[in-house]
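Residue-level structure breakdown
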Amino acid sequence: EHARAALDTAAPGPVEEGNVGGGTGMICHDFKGGIGTSSRVVVTPAGSFTVGALVQANYGDRETLRIDGLPLGRLIGGEQTPLAYSDQGSIIVVLATDAPLLAVQCRRLARRATVGLSRVGGYGHNGSGDLFIAFATGNSLPADEKVGYDLVMLPHGEMDVIFAAAADATEEAILNALAAAETMTGYMGRTAHALPLETVKELVARRSW
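For every chain, the first residue of the written sequence is number 1, and numbering continues from 1 along that sequence. Whole-chain, interface and lining totals are the exception, using all residues; otherwise, since this is a predicted model, local features are given only for residues with pLDDT of at least 70 and side-chain atom pairs are given and counted only at 80 or more. Processing note: side-chain calculations cover all non-hydrogen atoms of the structure and skip hydrogens and water entirely.

What makes two strands pair is DSSP finding at least two bridges between them. The helix count covers DSSP runs of H or I at least four residues long, the strand count covers runs of E at least two residues long, and both are numbered beginning at the N terminus. Here four strands make up an open sheet; going across it, the order is 3-4-5-6 and the pairing mixed. In this open sheet, the two strands that pair with only one neighbour each are strand 3 (34-44) and strand 6 (131-136). In this sheet, neighbouring strand axes are inclined to one another by 15° on average, regardless of whether the strands run parallel or antiparallel. When strand 3 meets strand 4 (residues 47-58), the two strands line up antiparallel, connected through 11 bridges. Note that in strand 4 the partner of T37 across the bridge is L54. Here, residues are in contact when the closest pair of their heavy atoms is within 4.5 Å. Axis lines are fitted through C-alpha atoms, for helices just across the contact stretch, and the angle between N-to-C directions can take any value from 0 to 180 degrees. Those strands touched by helix 3 (residues 103-111) are strand 5 (90-97) and strand 6, and its axis lies near 140° from that of strand 6.

Put simply, two rings from Phe, Tyr or Trp (the six-membered ring, in Trp's case) pair if the centres are within 6.5 Å, and we call them stacked under 30 degrees between planes, edge-to-face over 60, tilted for the rest. The final tally for this structure, using the stated rule, is zero aromatic pairs. Only when the NZ of Lys or the CZ of Arg is both within 6 Å of the ring centre and within 35 degrees of the ring normal is a charge said to sit over the ring. When the ring centre of F31 is taken as origin, the NZ or CZ atom of R62, which lies over that ring, is 3.8 Å away. Looking at R112, its charged tip hangs above the ring of F163, at a distance of 3.8 Å from the centre.

On to helix 5 (residues 160-180), then. Expected span, for any helix, means 1.5 Å times one less than how many residues it has. Its 21 residues give helix 5 an end-to-end C-alpha distance of 30 Å, which sits within 8% of 30 Å, the value for a rise of 1.5 Å per residue. Classification of residues uses two cut-offs on accessible area relative to the type maximum, computed with a 1.4 Å probe and protein chains only: under 20% is buried, over 50% is exposed, and between them is partly exposed. Turning to helix 5, its buried residues number three or more, namely I162, F163, A165, A166, A167, A169, T170, E171, A173, I174, A177 and L178.

Moving on, we get to the nonpolar core. What we call a nonpolar core is a set of buried Ala, Val, Leu, Ile, Met, Phe, Trp, Tyr and Cys residues that are connected through their side-chain atoms within 4.5 Å. Counting 38 residues, the largest nonpolar core has Y59, L72, I91, I162, I174 and L195 as the members making the most contacts within it. Beyond its immediate sequence surroundings of up to four residues, I162 is in contact with V42, V51, A99, L109 and L154.

Turning to the environment of A165, a few remarks are in order. Among the structural elements, A165 can be located in helix 5. Take A165: its relative accessible area is 4%, and that puts it in the buried class. Between the C-alpha atoms of A165 and V51, which are 114 residues apart in sequence, the distance is 6.3 Å. Every residue in contact with A165, bar those within four places of it in the chain, is listed here: R40, V42 and V51.

Structure follows, in structure tokens:
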């Protein structure tokens, strides 16, 4: 019934992020985690396409968190924002595009989520159950499977911008999940504190390159 309800209420417009839906109990870099999403538009000789990412962020240690290269996790200690209870965890990343990709290209695209994850400071703990999947809607398939049909594919040489967009969108989706999540107290009275956004702004503004 939950799947049906999600399909029935699907609509254009902004998507809820943070501790909503499956993201309610998530912990990310020892802050409150959750659902995040982001997208990019890319231009290729075959046309313009959108690459979107949806993440369920439930992974990582405080000390590895980075924002645009800034070692943010090391600058916001547990004495300022208490660490949430966490037993490792995992992240799910779903990449979607309207570019015409074949299955092998979708598999290659899914692997690029790792790049975005690593930029934020995720490296895949030994016990992590990280899942990356990708799908493309650039081909319209007939309902009758007995009828042959033609497929269109983006040339492999034009995939670089798609890969870059996937990495960027994944990175931003994780940060959006952290930024949108709110402090929550849950199982056994454990509290997961939200990322202190005002502190983040101050630290980012203070750095010099």
